[in-house]
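# Summary of the model geometry
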Amino acid sequence: MRRISMDGASMGARGLWLSLAWLSASAALGCGRREALPASQDPGAERPAQPAQLAPPAQPEEPAAPLQESRVERDGLSIAFALRPLDRGQQGGGTGPGAAPAAAVAGSDVVAEFTITDASTGAPVRGLTPLGWMSRRAGADGAAAASFSGGAPAASLASGAVDAAPDEAACRGKIQSFMAGLLSVRPEVDMNAYLLWTLNQDNSLSAINPQVALARTQLRSVVSLAGRGVSFVMHPDRESLYVTLRGGQGLAVVDTRRGLVRTNVPVGQDPSRVVVAPDGRTVWVGNDGDGTVSVIDARSTDVLRTLPVGPGHHEIAFTGGGRAAWITSQQGESVAVVDGETLEPLGEIAVGEGVVSIAASDEAGVVHAANAARGEVVILDVARRAVAGRVALKPGLGALQFDPRGRFSFALNPSANEVAVLDGATGAVAHTLTGLAAPDAVTFTGAFAYIRNRGAARVSLVDRSALGGPATPPLVDIAVGQGPPLAAAAPPGPAALATPIAPLPEGNGALVASPADKALYVYVEGMMAPIGTLPSYGREPRSILVEDRSLKEVRPGVYATTVRLGEGGLYDVELLLDRPRTGVCLEATVAPARCAPGDGEADASGCGGDPVKDIAIAPLFEPDQRLAAGEPATLRFRATAGEGGPPLDALDAEDIEVMVVRFPAGYRFRGAPRAEGDGTFSVAFTPPAPGQYRFLAAVPGRGAPVGALPFVPLRVSARGAGAQRGGAR
């Protein structure tokens with residue numbers, strides 16, 4: 001086996017987050033005139049009929065009323081920009097006569113939305129790949145204050161309190177600066193961003209923003225789970241993460257926009273593998289402890305059916321775009337085939353005991369199942385639902401996966417330190433990759449296959465274009481980190497459940513989780529080594545997923561994403577289009593928040609603002625409560641109608657947000673409280689380390705955002721240091 005070493009080279013100056021090829025568009029960049037755009041709502045797409053036993057898939061709803069809008073016309077296009085609340089009930093303003101208008105508030109999460117139509121016909125312009133930013137205009141404080149106190153930004157502009165809108169040259173220059181990725185010129189809001197989600201060795205998920213300025217923490221949030229996570233998967237709509245949990249805690253459904261657990265779904269015993277059906281309608285969970293698979297409605301999180309499939313660990317693959325699910329049972333003799341729509345069994349295929357992984361290719365019309373004990377790959381014919389052949393390899397097989405084209409499957413063998421590459425069309429072994437160190441996971445980009453070596457601090461790359469040739473392609477070894485993954489604590493469940501490598505959204509590299517180094521490494525293809533390192537903040541990242549938060553076409557001609565706003569003030573909104581290559585600048589106004597900029601909600605009770613008059617949060621745990629690091633605690637509190645008022649029985653748990661922050665900065669936990677009746681709520685919280693923490697509750701729908709209500713201090717001691725247990729009284 002030939003090997004090419006690429007260790008010890010320089011990093012280079014290649015841009016990581018945005019392609020500099022876009023700079024060729026600079027000649028076409030410019031700004032258009034701004035006009036007020038009346039508030040309007042675009043109709044959502046018509047919902048198709050669905051089978052009766054399943055809820056229809058989530059469809060884009062009609063957008064909530066805009067917080068504000070602006071518009072420009074340029075090069076035959078009409079471009080409107082709007083900031084909208086995440087939900088209809090969170091617009092922040094009243095709806096009756098004389099009610100204050102809704103406002104985009106500093107520090108809040110909103111939907112940024114561009115509507116692009118033909119200026120002459122009004123037809124939506126589809127299939128674009130826009131890039132967008134928001135940059136705070138110099139001297140914008142005065143304009144923001146005037147706007148939200150009944151004045152107008154124009155008055156501030158006339159008095160010189162705020163800079164004028166950028167002209168065409170200035171707009172072009174700002175977009176070029178953002179495209180170049182200069183640290184000295186960064187937008188307050190980047191609509192081309194993505195988040196990294198890591199499943200950690202402890203009971204937590206981390207959301208890391210790799211694109212924030214160096215002076216700010218990259219840790220966006222930490223989600224505390226009710227049990228240790230085993231595997232996780234993201235829904236195609238990017239709004240939910242599904243995490244299987246140990247300890248009888250079922251399946252956690254995580255809201256990615258708010259960074260909190262939406263609900264825990266009871267499933268079978270010892271859930272491990274979780275997958276989302278290709279159409280996004282259902283979530284499938286393999287329950288290793290009782291020989292079943294739970295099928296869950298992705299929208300309602302109801303358990304639609306519990307399928308008995310056989311004992312042992314389960315893996316799941318789909319064919320026909322989700323029309324059939326193929327389910328293995330490691331201690332069973334058969335592969336079960338289930339109708340993906342009716343959830344009725346279609347049959348069983350005898351393959352022999354010991355199958356540990358499965359992969360499907362619609363292109364080849366086959367399913368491959370790896371038998372670890374026998375050291376063979378069983379080839380199943382999709383159309384006939386029968387065994388089409390068996391490929392003898394070596395015992396000790398682990399993960400098995402087809403490349404994105406469905407042409408080749410990679411059968412990893414950590415025991416034999418090799419990977420067999422099988423041709424999906426013929427079933428023959430096309431190549432055998434040797435000299436690896438316990439390969440246990442594979443991920444693909446357009447050009448390469450990335451193989452993790454669990455026994456060495458390196459990732460091996462295989463040129464996918466060479467797989468069709470007669471010669472075995474060489475391995476390209478990239479040194480990643482200092483310690484091999486096996487030096488970290490052993491993960492729960494089968495090692496094949498880990499997904500430690502994730503492709504970059506640009507498709508030209510990958511992110512690699514190193515649990516031994518407690519870090520994430522960024523590699524761009526063509527480099528000699530990783531070009532950057534992201535900290536995991538003391539946690540061991542076992543699996544990693546990328547949540548692409550760039551602008552997507554959510555409806556014809558409508559491109560949107562979720563963003564977190566910066567400080568209050570007047571903003572320029574920069575947009576770069578690819579067809580035609582056009583740059584325009586719009587504007588938006590962000591209202592000041594009650595809290596101070598940055599992490600103000602952790603600096604003082606109520607963020608320096610007056611207490612909310614019509615609602616109060618009364619903790620049912622002692623102030624300065626001492627907790628133990630690593631041990632779960634239940635924090636109870638009561639919501640009342642003002643200080644000393646009656647309980648707010650009409651308040652739902654969904655109306656309340658809970659945050660625990662480590663003071664002065666760092667760890668953040670967001671949790672969904674549980675209603676206990678009589679206006680009492682509780683939230684489960686496991687502090688990760690000793691230190692000082694602050695408990696904050698918020699009711700945004702009642703005018704009490706995070707930081708508006710007084711915090712409660714918490715002290716966390718080292719485990720076994722005599723900390724008080726519990727937290728309720």
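Before reading on, note that the structure itself is shown above.
These lines cover the structure that appears in this document, whether it is placed above or below. (Residues numbered from 1 in each chain as written. Predicted model: local features only at pLDDT ≥ 70, side-chain atom pairs only at ≥ 80, totals over all residues. Heavy atoms only, no water.)

### What about the environment of isoleucine 79?
Secondary-structure assignment places isoleucine 79 in strand 3 (residues 77–85). Take isoleucine 79: its relative accessible area is 0%, and that puts it in the buried class. Along the backbone, isoleucine 79 and threonine 117 are 38 residues apart, and their C-alpha atoms lie at a distance of 6.6 Å. Here isoleucine 79 is in contact with Ser70, Arg71, Val72, Phe114, Thr115, Ile116, Leu575, Leu577, Val584 and Leu586, once residues within four sequence places are set aside. (Helix = DSSP H or I, 4+ residues; strand = E, 2+ residues; numbered from the N terminus. Buried < 20%, exposed > 50% of the residue type's maximum accessible area, 1.4 Å probe, protein only. Contact = heavy atoms within 4.5 Å.)

### Describing the nonpolar core
Of all hydrophobic cores here, the largest spans 28 residues; its most connected members are Ile79, Phe81, Leu83, Phe114, Ile116, Met134 and Met191. Of all elements in the fold, only strand 3, strand 4 (109–118), strand 40 (558–564), strand 41 (569–578) and strand 42 (581–590) reach the threshold of two or more residues within this core. Of all hydrophobic cores here, the second largest spans 27 residues; its members include Tyr194, Val222, Ile478 and Tyr521. (Core = buried A, V, L, I, M, F, W, Y, C linked by side-chain atoms within 4.5 Å.)

### Observations regarding the state of the cysteines
This model, assessed by the stated rule, comprises one disulfide. One disulfide bridge connects cysteine 171 with cysteine 585, the sulfur atoms lying 2.1 Å from each other. The chirality of the disulfide connecting cysteine 171 with cysteine 585 is right-handed, given an S-S dihedral of about 100 degrees. Of this pair, cysteine 171 sits in helix 3 (residues 168–180) while cysteine 585 sits in strand 42, and the two are 414 residues apart along the sequence. (Disulfide = S-S within 2.5 Å.)

### Describing the environment of methionine 134
Residue placement: methionine 134 occurs in strand 5 (residues 131–136). With 451 residues separating them in the primary sequence, methionine 134 and cysteine 585 have C-alpha atoms 9.4 Å apart.

### Topic: the packing of aromatic side chains
One pass over the structure, following the stated rule, counts eight aromatic pairs. Taken together, a centroid distance of 5.3 Å and an interplanar angle of 75 degrees make the contact between phenylalanine 410 and phenylalanine 444 edge-to-face. Here phenylalanine 410, found in strand 27 (residues 408–413), pairs with phenylalanine 444, found in strand 30 (residues 439–444); they are 34 residues apart in sequence, far enough to count as distant. We note that phenylalanine 410, like phenylalanine 444, is buried. Ring centres 5.9 Å apart and planes at 25 degrees place the aromatic pair phenylalanine 637 and phenylalanine 681 in the stacked group. You can see phenylalanine 637 sitting in strand 45 (residues 633–640) and its partner phenylalanine 681 sitting in strand 49 (residues 680–685), a full 44 residues away along the chain. Accessibility assignment for this pair places phenylalanine 637 and phenylalanine 681 in one class, buried. The structure contains a cluster of three or more aromatic residues connected by ring pairs, namely Phe637, Phe681 and Phe695. (Phe/Tyr/Trp six-rings, centres within 6.5 Å; stacked < 30°, edge-to-face > 60°.)

### Structural notes on the pairing of strand 38 (residues 541–548)
For strand 38, the tally of buried residues reaches seven of eight residues, placing the bulk of the element in the interior. Bridging between strand 7 (residues 194–200) and strand 38 involves seven bridges; their strand directions are antiparallel. In the sheet register, leucine 196 faces strand 38, and the bridge partner there is valine 546. (Pairing = 2+ DSSP bridges.)

### Here's the deal with the pattern of salt bridges
By the definition in use, this model includes 27 salt bridges. Here arginine 126 ties to glutamate 553 by a salt bridge, and the two come within 3.4 Å at their closest N and O atoms. One end of the pair, arginine 126, is in the loop between strand 4 and strand 5; the other, glutamate 553, is in strand 39 (residues 552–555), and 427 residues separate them in sequence. Taking the relative accessible area as the measure of exposure, glutamate 553 reaches 30% and is therefore partly exposed. Between lysine 552 and aspartate 548 there is a salt bridge, with the nearest N and O atoms lying 3.0 Å from each other. (Salt bridge = Lys/Arg side-chain N within 4 Å of Asp/Glu carboxyl O.)

All quantities given are derived from atomic positions and should not be read as evidence of function.
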